[in-house]
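What the coordinates show
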Amino acid sequence: MNKYPLTKQEQTLQKKFTNYFASGTCLPFAKGRVALYAGLKALNIPEGSEIIMPGYTCVVVPTAVMFAGYKPVYVDIDPNTYNIDTDQLANRISERTGAIIVQHTYGIPAELDTITQYCTQHNIPLIEDCCHSFASRYRDKLCGTYGRFSFFSGQWNKFFSTGLGGFFYTQEPELAERMHKLFQNAQKPSSLASLRFALQILAYQFLVKPSTTALMTGLYRLLGRAGIVAGSSSYEELEGTLPKGYFSRMAPAQLKKSLSELDKIQQTIQHRRQIGEFYHQELPRLNFKTVPESSKTETVFLRYPVRVENKEALLKKAEKQGIELGTWFETPLHGNEAPLSVFAYETGSCPNAERACEQVINLPTHIGVDMDYAEKVLNFLRKYAG
Ligand SMILES: *Cc1c(COP(=O)(O)O)cnc(C)c1O
């Protein structure tokens, strides 16, 4: 696509990313949400259409939808898989529906057979939120290859980190062409911004260990607020206002990190698979419910979800003891600063999701977690989880 030139690094990334999926086209953006925003624009959905998504997601998903000119509509989740409930989804589809976003929560594949069937029936584009799933499969095909396009995140605690960052992926040549065209208008980060990312990536590698994650996350948010580090989201964005420089590309330092992460992706997958399977085997012995298995899916967990009765107290205790427990999701639109109604979420509309927000903590599977540490996490749960 010489008409729409990319930098050398971008081209290399494109090649490596699509090699992993065996075909298709990828474009790197500043964040996963930006890939979604751009993808929505490229689909040419009529303005004001409703975009359906699970009411158990990151607030930056509905904000991207709103920034692109659409209305987010939320469907409750299946309490066992944390993915969109297909019966309730069927009831929400109407002539106003512009697209459906499925999210493979925690890495658990959504019910793609049923959902793709709805999409075909009603001629609605399917979009996959793969911010939690990089290696999970549904019927032997990778999650991310079912939708018109999919988007991935390189945020600090996603499948692999690029500092911050995101990827757009599609298997449709025509859509890919439109995206390349749009991409020409995406801002290029300055060399100073790239230097800052390089330093942040370095600092992260030295400072963030499973035992310090909670502490460092707090510090990072503070520094982000003060404008000292590049934070994941600006305050205005979490309030629903389009921030300056939103539509941006990855900085060279982030691209470099992406390339090195993709080079060792099989190791990362193997590791996450092993730790996830360990939790899955051991949790029933501690009397915790596990995620149901399905013959159609192969899950590589980004985080392993567990329900507890004392979420808040448990998280506090974990922080004190240096145990890395995740809080996803704390609200149906995680990370929201403004009230949920600003993002068109009506409290009480997704009761399964709201209950999950009160009860679910999640266990880490990343490369910093070895078997000993995973065992420590389980011991902690055995002792303190209600
Ligand atoms: C992290 C996340 C996103 C957004 O990713 P960014 O790269 O931070 O924009 C979207 N959806 C889900 C489910 C996520 O967890």
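Per an unreviewed UniProt entry, the recorded name for the chain is DegT/DnrJ/EryC1/StrS aminotransferase, and the organism is Candidatus Thiomargarita nelsonii. Recorded in UniProt for the chain, the comment headed Sequence similarities (unreviewed entry) runs: "Belongs to the DegT/DnrJ/EryC1 family."

To continue, consider a nonpolar patch on the surface. Among the surface-exposed residues, L192, L195 and L199 lie close enough to one another that they form a single nonpolar patch of about 340 Å² accessible area. Relative to the assigned elements, L199 resides in helix α7 (residues 191-207).

What follows concerns the packing of helix α11 (residues 265-282) against helix α14 (residues 371-384). The interhelical angle for the contact between α11 and α14, taken along N-to-C directions, is 35°, at an axis separation of 11 Å. In the crossing of α11 with α14, the sense of the turn from one axis to the other is right-handed. Counted together, Q274, I275, F278, Y279 and E282 of α11 and M371, A374, E375, V377 and L378 of α14 form the full contact between these two elements. Residue composition of the contact of α11 with α14, grouped by class: seven nonpolar, one polar and two charged.

Okay, the site of the ligand next. Around the ligand, the surrounding shell holds 13 residues, and the nearest of these are G32, R33, D129, S153 and K158. Backbone polar atom of G165 to an oxygen atom of the ligand: 3.4 Å apart, as the coordinates give it. Of the residues that constitute the shell around the ligand, the class distribution is four nonpolar, five polar and four charged.

Attention now moves to the UniProt feature "active site" (unreviewed entry) in the chain. Sequence positions flagged by UniProt for "active site" (unreviewed entry) are, in local numbering, K158. Along the chain, the position of K158 falls in the loop between β9 (149-153) and β10 (166-170). Setting aside residues up to four positions removed in sequence, K158 forms contacts with C131, S153, R272, L302 and W328.

Let's shift gears to the sheet that holds strand β7 (residues 137-138). Overall, antiparallel pairing links the three strands, which are arranged β8-β7-β11 in an open sheet. Each having just a single partner strand, β8 (141-142) and β11 (297-298) make up the two edges of the open sheet. Relative to β11, β7 runs antiparallel, the two sharing two bridges. Its bridge partner being in β11, Y138 is matched across the sheet by T297.

Taking 1.5 Å as the rise per residue, helix α10 (residues 252-263) with twelve residues should run 16 Å; its terminal C-alpha atoms sit 17 Å apart, in good agreement. Listed as buried for α10 are A253, Q254, L255, K257, S258, L259, E261 and L262. Where α10 is buried, its residues meet α1 (8-21), β1 (25-29), β10, α7 and α11.

Roughly 570 Å³ of internal volume is contained in the second largest pocket. Along the wall of the second largest pocket there are 26 residues; nearest its centre are P292, E293, S294, T297 and T299. Mapped onto the lining of the second largest pocket, the elements with two or more residues apiece are α4 (86-92), α11 and β11. The biggest single contributor to the lining of the second largest pocket is α11, with six residues. The class makeup of the residues in the lining of the second largest pocket is eight nonpolar, nine polar and nine charged.

Turning to the sheet that holds strand β5 (residues 97-103), a few remarks are in order. Read from one edge of the open sheet, seven strands run β1-β10-β9-β6-β5-β2-β4, paired in mixed fashion. Here the strands that pair on one side only, and so sit at the sheet edges, are β1 and β4 (71-75). In this sheet, neighbouring strand axes are inclined to one another by 25° on average, regardless of whether the strands run parallel or antiparallel. Bridge analysis of β9 against β10 gives five bridges, and the strand direction is antiparallel. Counterpart to F152 in the pairing with β10 is F167. With respect to the sheet, α1 is in contact with β1, β9 and β10, its orientation differing from that of β1 by roughly 130°. The strands touched by helix α3 (residues 60-67) are β2 (50-54), β4, β5 and β6 (126-129); relative to β4, the strand with the most contacts, the crossing angle is about 145°.

Here we come to the pairing of β4. With four of its five residues buried, β4 lies for the most part within the structure. In terms of strand pairing, β2 meets β4 through five bridges, oriented parallel. Paired with M53 across the two strands is Y74, which belongs to β4.

Parameters and conventions
- Residues numbered from 1 in each chain as written.
- Predicted model: local features only at pLDDT ≥ 70, side-chain atom pairs only at ≥ 80, totals over all residues.
- Heavy atoms only, no water.
- UniProt positions renumbered as here; feature names shortened; annotations may be inferred.
- Patch = residues over 30% accessible without salt bridge, like charges linked within 9 Å, V, L, I, M, F, W, Y side chains within 5 Å.
- Areas by Shrake-Rupley, 256 points an atom, 1.4 Å probe, with all protein chains shown as cover.
- Salt bridge = Lys/Arg side-chain N within 4 Å of Asp/Glu carboxyl O.
- Helix = DSSP H or I, 4+ residues; strand = E, 2+ residues; numbered from the N terminus.
- Axes fitted to C-alpha atoms, helices over the stretch in contact; angles between N-to-C directions.
- Left-handed = near helix turned anticlockwise from the far one by under 90°.
- Contact = heavy atoms within 4.5 Å.
- Nonpolar A, V, L, I, M, F, W, Y, C, P; charged D, E, K, R; others polar.
- Near = heavy atom within 4 Å.
- Polar contact = N/O pair within 3.5 Å; in protein donor to acceptor, adjacent residues only side chain to side chain.
- Pairing = 2+ DSSP bridges.
- Expected span 1.5 Å × (residues − 1).
- Buried < 20%, exposed > 50% of the residue type's maximum accessible area, 1.4 Å probe, protein only.
- 1 Å grid on protein atoms, 1.4 Å probe; cavity = no way out; pocket = protein on both sides within 12 Å on 5 of 7 lines; lining within 4 Å.
- Points joined across faces, edges and corners; volume = space filled by probe spheres on them.

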